[in-house]
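An overview of the molecular structure
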Amino acid sequence: MQQPGKNSQPVPHLESKRESLTARREELIADFSSLVRSGSLAESAHAFREIQLVGDFLESLQRIASETVPRVPAGINRYAVSSLFLHECFHALTADSREQLFFVTGSIVTGVNVLNQRIEFEHQKRSILGVTGDEVATHRALIKLEQFGHRLLGHFHSHPGSGAEATLPSGTDENFQARLERAGHVAVAAIFSRDGYVRFFRIDKNLQVDVYGAGVVRHDSSVVQLTNLDKA
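What comes next is a walk through the structure. Numbering of residues starts from 1 in every chain and runs along the sequence as written. Local features in this predicted model are restricted to residues whose pLDDT is 70 or higher, and side-chain atom pairs enter the listing and the counts only when it is 80 or higher, whereas totals over whole chains, interfaces and linings include all residues. No hydrogens and no water enter the side-chain calculation; it runs on all heavy atoms of the structure.

Turning our attention to the environment of Glu-19. Inspection of the secondary structure assignment puts Glu-19 in helix 1 (residues 12-38). Think of it in three bands: residues with accessible area under 20% of the maximum for their type are buried, residues over 50% are exposed, and the middle band is partly exposed, with areas taken using a 1.4 Å probe on protein chains only. When its relative accessible area of 48% is taken as the criterion, Glu-19 is described as partly exposed. Linking Glu-19 and Leu-58, residues 39 residues apart in sequence, is a C-alpha distance of 9.4 Å. Counting from the N terminus, the helices are DSSP H or I runs at least four residues long and the strands are E runs at least two residues long.

In structure tokens, the structure reads:
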């Protein structure tokens, strides 16, 4: 996961510079065409050299831009989530002493699954030790996602207890995630403890989760801890 506040984004002014150079090249090409038609050989040669220089600059900018893009292994499932959304999910999942569960969807931007919307549904049972979604209600939720052209990107639920150990998946959690993966779902699971630890997991371990914003501390590639919970 990415450290909060250290997003690896391309330098913003590169795109602006590329656009201005592209516009300049178009002007030079137009001037070059006019000079060639007028027979001004010396001036047309000078304009041609300027076109080549601008082209070289554009190629350099393209190389710089490509080098600033984070290297991600091909085929990996990538997720992005804001610390604010995680805080909101934490408070919803721990509103009472019983375990809670909901689905998560969002946008898919250049191959990144953006987790930013909760999909809630009725439960068959909820207790301190477990939660089970009502089968009909969960099917309705999935149908609604399909109707609106959205995908199931995640499922978040709470566990009793505190600390990172409390977020370890149970056999039931692993079986549910395994069924989703066998069905081809890209969904990632997230388990929340009572004191703000969050563990993301997939059975195939094919995931990269970037968390953006403050109020969260990364512990390892799959576990973060929410901070300032009393202020959220």
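We are not done yet, so read on.
Moving on: helix 5 (residues 171-182). Its 12 residues place the ends of helix 5 16 Å apart at the C-alpha level, agreeing with the 16 Å of an ideal helix rising 1.5 Å per residue. Taken together, the buried positions of helix 5 are Asp-173, Gln-177, Ala-178, Leu-180 and Glu-181. Taken down its axis, helix 5 places every buried residue within 160° of arc, on the same side. Among the exposed residues of helix 5, those pointing more than 90 degrees away from its buried face are Thr-172 and Arg-182. Positioned one or two residues after helix 5, Gly-184 has a phi angle of 90°, which is positive. Each helix should span, by expectation, one fewer than its residue count multiplied by 1.5 Å. Arc definition: directions from the helix axis to the C-beta atoms.

At least two bridges found by DSSP between two strands are what make those strands a pair. Pairing in this open sheet of 4 strands is mixed, and the strands run 3-4-1-11 from one edge to the other. Whereas interior strands pair on both sides, the edge strands pair on one side only; in this sheet they are strand 3 (108-109) and strand 11 (208-212). Here a residue-residue contact requires only that any non-hydrogen atoms of the pair lie within 4.5 Å. As a rule, the C-alpha atoms of each element are fitted with a line to give its axis, helices using only the stretch in contact, and angles between N-to-C directions run from 0 to 180 degrees. Those strands touched by helix 3 (residues 83-93) are strand 1 (78-82), strand 4 (112-115) and strand 11, and its axis lies near 75° from that of strand 1.

On to the pattern of salt bridges. Take a side-chain nitrogen of Lys or Arg and a carboxyl oxygen of Asp or Glu: if they are within 4 Å of each other, that pair is a salt bridge. Under the counting rule described, the total for this entry stands at 6 salt bridges. Between Glu-27 and Arg-24 there is a salt bridge whose closest N-O contact spans 3.4 Å. With Glu-27 and Arg-24 both in helix 1 and 3 residues apart, this pair spans about one turn of that helix. The class of Arg-24 is partly exposed, set by a relative accessible area of 33%. The salt bridge partner of Glu-120 is Arg-118, with a shortest N-O separation of 3.0 Å.

Phi at Thr-110 is positive, roughly 45°, even though this residue is not glycine. As for its position among the elements, Thr-110 is in the loop between strand 3 and strand 4. You can call Thr-110 exposed: its relative accessible area is 74%. Its identity is not glycine, yet Asn-228 carries a phi of approximately 55°, on the positive side.

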